[in-house]
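# Summary of the model geometry
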Amino acid sequence: MTPAPRRRQTAPPREDVLATAMATIAECGLDGLTMAGLGREVGMSSGHLLYYFRTKDELLLQTLEWSEGRLGAERRELLARQTPVRERLDAYIDLYLPDGHRDPHWTLWLEVWNRSQNADADARARQVAIEGAWHRDLVALLAEGASRGEFRTVDAERFATRLRALLDGFSVHVAVGIPGTGRSQVIEQVGEFIDDSLIAAGSRPPR
């Protein structure tokens, strides 16, 4: 009897690999994400994974890009709502900040930032692209708020840079679990900063 031809093993869709990588980070942290372990989860050898991603750094960056793509879609949806600009700004901030200690997206972001010290120009450009998308949306939101009279007139580019630096600093504290900087506390403090910086005293909501 002629033996049946062997079926060629096909790789799972790239999105499945990246989703599994993110799920592993959420469950086990970055230490639990290995090429061998990820390969077992998706039915591929570590060598096969390296063929597609080349290095673990590239796997992490692609996983971050995949996660950011999902957040970007959610961000565009919330910014398109027909609601007051302040409500959309609050929603932007809510989406920006980690969900809590060991938030997998921010855990991954921190690792990619750390590894970027030795990253090549292409990897750095891709990280800048992620940052740029958040920045442009925030600048547009601030400019809209000023044009509608909801916010004071500010240099939107400079203010967005400062606000994102504040959010990044607080986000690191939330993600690593520094006492006294839980998510709810951070949201309250950022809200106070927005009130003090952008909202006229007579139109501020009571605290």
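Scope of this entry: the structure provided in the associated data block. (Residues numbered from 1 in each chain as written. Predicted model: local features only at pLDDT ≥ 70, side-chain atom pairs only at ≥ 80, totals over all residues. Heavy atoms only, no water.)

## Quick word on the overall build of the chain
The condition is simple: Numbering of helices and strands starts at the N terminus; helices are DSSP runs of H or I of at least 4 residues and strands are runs of E of at least 2. What the globule rule says is 2.2 Å times the number of residues to the power 0.38, and the radius of gyration is computed from C-alpha atoms. Relative accessibility thresholds used throughout: buried, under 20% of the residue-type maximum; exposed, over 50%; partly exposed, between the two (1.4 Å probe, protein chains only). Every accessible area reported is derived by Shrake-Rupley at a probe size of 1.4 Å, with residue values counting cover from the shown protein chains alone. Note on charges: Lys and Arg go in the positive column, Asp and Glu in the negative column, and His and the chain ends are not counted at all. For this purpose, a charge sits on NZ of Lys, CZ of Arg, CG of Asp or CD of Glu.
Helix and strand counts for the chain come out as 9 helices and 0 strands. Counting from the amino terminus, helix and strand elements in the chain follow one another as α-α-α-α-α-α-α-α-α. Here the C-alpha atoms of the chain give a radius of gyration of 21 Å, more than 25% beyond the 17 Å that 2.2 N^0.38 yields for 207 residues. Projecting the C-alpha coordinates of the chain onto the three principal axes gives extents of approximately 90 × 35 × 30 Å. For the chain, buried positions account for 42% of its 207 residues. Approximately 11,900 Å² of the chain is accessible, and the part contributed by carbon and sulfur atoms is 51%. Between the mean site of the 26 positive side-chain charges and the mean site of the 30 negative ones, the chain shows a separation of 4 Å.

## A few points about the pattern of salt bridges
Convention followed: Salt bridges are counted wherever a side-chain nitrogen of Lys or Arg sits within 4 Å of a carboxyl oxygen of Asp or Glu.
Tallied over the entire structure, the rule returns 13 salt bridges. One salt bridge connects D90 with R86, and the closest N-O pair in it is separated by 3.0 Å. Of this pair, D90 and R86 both sit in helix α5 (residues 85-96), 4 residues apart, which is roughly one turn of the helix. Note on D90: relative accessible area 35%, which makes it partly exposed.

## As for the layout of surface pockets
To keep it simple, the criterion reads: Only protein atoms enter the calculation, which uses a 1 Å grid: trapped sets of points that fit a 1.4 Å probe without letting it out are cavities, open sets showing protein on both sides within 12 Å along at least five of seven lines are pockets, and any residue with an atom within 4 Å of a point is a lining residue. Grid points are joined across faces, edges and corners, and a volume is the space filled by probe spheres set on the points. Polar here means any residue other than Ala, Val, Leu, Ile, Met, Phe, Trp, Tyr, Cys and Pro, which are nonpolar, and Asp, Glu, Lys and Arg, which are charged; Gly is therefore polar.
The calculated volume of the largest pocket comes to roughly 370 Å³. L71, L95, D103, H105 and W106 are the residues nearest the centre of the largest pocket, which is lined by 24 residues in total. Looking at the lining of the largest pocket, the element that brings in the most residues is helix α4 (residues 56-79), giving 6 residues. Its residues assigned to classes, the lining of the largest pocket shows 12 nonpolar, 2 polar and 10 charged. Where the lining of the second largest pocket is concerned, the elements lending two or more residues are α4, α6 (104-115) and α7 (121-147).

## A short note on the environment of Y52
Residue position: Y52 is located in helix α3 (residues 46-53). For Y52, a relative accessible area of 41% translates into the label partly exposed. When the C-alpha positions of Y52 and R14 are compared, they lie 9.1 Å apart, and in sequence the two are 38 residues distant.

## Digging into the environment of E131
Cut-off, in case you're wondering: Residues are treated as being in contact if the distance between any of their heavy atoms lies within 4.5 Å.
Among the secondary structure elements, E131 is positioned in helix α7. Separated by 54 residues in the primary sequence, E131 and E77 have C-alpha atoms spaced 18 Å apart. Look past the residues within four positions of E131 in its chain and what remains in contact with it is W109, W113 and R164.

## Let's talk about the packing of aromatic side chains
To describe a pair of aromatic rings, one takes the distance between the centres and the angle between the planes. The condition is simple: Aromatic pairing here means that ring centres of Phe, Tyr or Trp (its six-membered ring) are within 6.5 Å. Orientation follows from the plane angle: under 30 degrees is stacked, over 60 is edge-to-face, and everything else is tilted. Counting as a charge over the ring demands two things of the Lys NZ or Arg CZ atom: a distance within 6 Å of the ring centre and an angle within 35 degrees of the ring normal.
Per the stated rule, a full pass over the model turns up 8 aromatic pairs. Both rings, one in Y92 and one in W134, keep their centres 5.4 Å apart while their planes meet at 80°; by these two values the pair is edge-to-face. Here W134 lies in helix α7 and Y92 lies in helix α5, a separation of 42 residues in the sequence. The class for Y92 is buried, based on a relative accessible area of 0%. Their ring planes at 35° and their centres at 4.9 Å tell us that W109 and W113 sit as a pair that is tilted. Of this pair, W109 and W113 are both found in helix α6, 4 residues apart, which corresponds to roughly one turn of the helix. Taking the relative accessible area as the measure of exposure, W109 reaches 5% and is therefore buried. Connected via pairs of aromatic rings, a cluster forms that spans Y92, Y96, W106, W109, W113 and W134. The positively charged end of R75 is found above the aromatic ring belonging to W134, 4.2 Å away from the centroid.

## Observations regarding the side chain of E58
Among the secondary structure elements, E58 is positioned in helix α4. With residues near it in sequence (within four places) discarded, E58 still touches F53 and R126.

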